[in-house]
Amino acid sequence: QPHAHHTIMARRLAVIQARAMGGQGTAVTATLNWCLNAAFTSSRRRLSGGPHHPAPASAHERVDAIRSDRCHQLAATLGGGPAALSDGSHAPLFTHWTSWQTHCPLDETGLDGHPIRGGKHDLSLDVPSDWRRMFGGSVLTFPGAQPKIGQPLRRVSRIENVVEKPNAVTPMKLCGIVHDYTCETTGELAFTEEQTIIYIAPRAQGHPTPPKAPRRPTEVQPELARLTPTSTMLFRYSALTFNSHRIHYDLAFCQEVEGYENLVVHGPLMATLLGQHAACLMPAASRVSTFTWRALEPVLCTEQITLHGGGATAAEGGTSPTTARLYVQKEHGGTAVEATVTFAPL
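Residues numbered from 1 in each chain as written. Predicted model: local features only at pLDDT ≥ 70, side-chain atom pairs only at ≥ 80, totals over all residues. Heavy atoms only, no water.

(A) Quick look at the overall build of the chain. Secondary structure summary: the chain contains 6 helices and 11 strands in total. Relative to its full complement of 346 residues, the chain shows a buried share of 49%. Expressed as a percentage of contacts within the chain between residues at least 6 apart in sequence, the contacts between residues at least 24 apart total 75%. Carbon and sulfur atoms make up 54% of the accessible area of the chain, which totals about 15500 Å². (Helix = DSSP H or I, 4+ residues; strand = E, 2+ residues; numbered from the N terminus. Buried < 20%, exposed > 50% of the residue type's maximum accessible area, 1.4 Å probe, protein only. Contact = heavy atoms within 4.5 Å. Areas by Shrake-Rupley, 256 points an atom, 1.4 Å probe, with all protein chains shown as cover.)

See below:
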């Protein structure tokens, strides 16, 4: 990328300034927390807030399937998961992220490891190379039962909308991407995912972000599990999802360019963990109807996290959806990821 060296030097200078103002990584993390909290919540293919712009006309289309071997590898990486992971069994939530991958050549990746912005291998905005890219969250919608492992599905992906969040300190662009998965043999819609991708401009000099109090859950839920993500877990998950974003495996990049003290845990990894436990909360004779998650605060490698969830009870008469709430809690008590899942009767 042009002027990549200048970008690295500017980032390093910003990190040095942040450390001088209040502790290693404090200002950087505070900036990221502010950006995540300012981002929108996806709502049926419409982004809220800020000026809207027409989506680019391009769309990507590909046929693939959720594969049994990758489901087993994901279970071996994160633990848990159902015992039946063979062809024909229902695919666990978020295992689709191990398929339909972007086959981007190495020489067409940017400084951060992502495909070059606006390139042909990824649905992304054509923003400057020094803007950060984050997966802010997504909404999964299932009109019927979850897809089955080995079932060929056609994914049609498009940028649905773009919203600018103008700000004199840290401008952002919010990109809504919709993925429709249809059965290759019947043409029926299997499920839809609406993703929120956040692009954040470099922070203006002389405008430090004051640290914010940790975000607490609105409703405290029972503890389901606790674990400490390791660098091996992050590496395996990056490999399974073909995610080459350097904040997940390149410690020098994290510290010297991004300003983090350690590797950053994938938001989708934590969403997948919550998805595993959502299945355990599902009432009898029910199926997942929607699963909505969003990232709120970054989690660093070797930082213990606690998974919480509850609230799902069988609806009266068994004819109405029920709802469960889940979240990932950090060591200091802040909420890293929150999720809501609705169950519909079979």
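(B) Fine view of the packing of helix 3 (residues 68–78) against helix 4 (residues 231–240). Where helix 3 contacts helix 4, the axes come no closer than 9 Å and their chain directions differ by 165°. In terms of axis orientation, helix 3 runs roughly antiparallel to helix 4. Remark: the crossing between helix 3 and helix 4 carries left-handed chirality. For the pair helix 3 and helix 4, contact is made by Arg70, Gln73, Leu74, Ala76, Thr77 and Leu78 and by Met233, Arg236, Tyr237 and Leu240, respectively. (Axes fitted to C-alpha atoms, helices over the stretch in contact; angles between N-to-C directions. Parallel < 35°, antiparallel > 145°, perpendicular 65-115°, else oblique. Left-handed = near helix turned anticlockwise from the far one by under 90°.)

(C) Here's a closer look at the nonpolar core. Counting residues in each nonpolar core, the largest one holds 56 residues, and the members touching the most others are Met270, Phe291 and Trp293. Among residues more than four places away in sequence, those in contact with Trp293 are Phe94, Trp97, Phe135, Gly136, Gly137, Ser138, Gly267, Pro268, Ala271, Val337, Glu338 and Ala339. Ranked by size, the runner-up nonpolar core spans 11 residues in total, among them Leu123, Val127, Trp131 and Ile159. (Core = buried A, V, L, I, M, F, W, Y, C linked by side-chain atoms within 4.5 Å.)

(D) Examining the pattern of salt bridges more closely. Counted according to the given criterion, the structure contains 11 salt bridges. A salt bridge links Glu258 to Arg132; the shortest N-O distance between them is 2.9 Å. Here Arg132 lies in strand 3 (residues 132–141) and Glu258 lies in helix 5 (residues 251–258), a separation of 126 residues in the sequence. Judged on exposure class, the residue Glu258 and its partner Arg132 are both buried. Via salt bridges that share partners, Glu61, Arg154 and Glu184 belong to a single interconnected network. (Salt bridge = Lys/Arg side-chain N within 4 Å of Asp/Glu carboxyl O.)

(E) Geometry of the confidence of the model for the chain. Mean pLDDT over the chain works out to 82, with 76% of the residues at or above the 70 mark. Element-level mean pLDDT values for the chain span from 41 in helix 1 (residues 4–22) up to 97 in helix 4. Overall, residues 1–28 carries pLDDT values under 50, and its contacts beyond four positions in sequence, including any with other chains, amount to 35 contacts. Contacts of residues 38–48 to residues separated by more than four positions or lying in other chains number 33 contacts, the stretch itself having pLDDT below 50. (pLDDT = per-residue confidence, 0-100.)

(F) Molecular detail of the environment of Ala339. Relative to the helices and strands, Ala339 is located in strand 11 (residues 335–345). With 64 residues separating them in the primary sequence, Ala339 and Gly275 have C-alpha atoms 8.9 Å apart. Those residues in contact with Ala339 that sit more than four places away from it in its chain are Leu274, Phe291, Thr292, Trp293, Ala324, Arg325 and Leu326.

(G) The arrangement of the side chain of His266 in detail. Checked against the element boundaries, His266 lands in the loop between helix 5 and helix 6 (267–281). The class of His266 is buried, set by a relative accessible area of 1%. Setting aside anything within four residues of it in sequence, one finds His266 in contact with Leu234, Tyr237, Ser238, Asn243 and His248.

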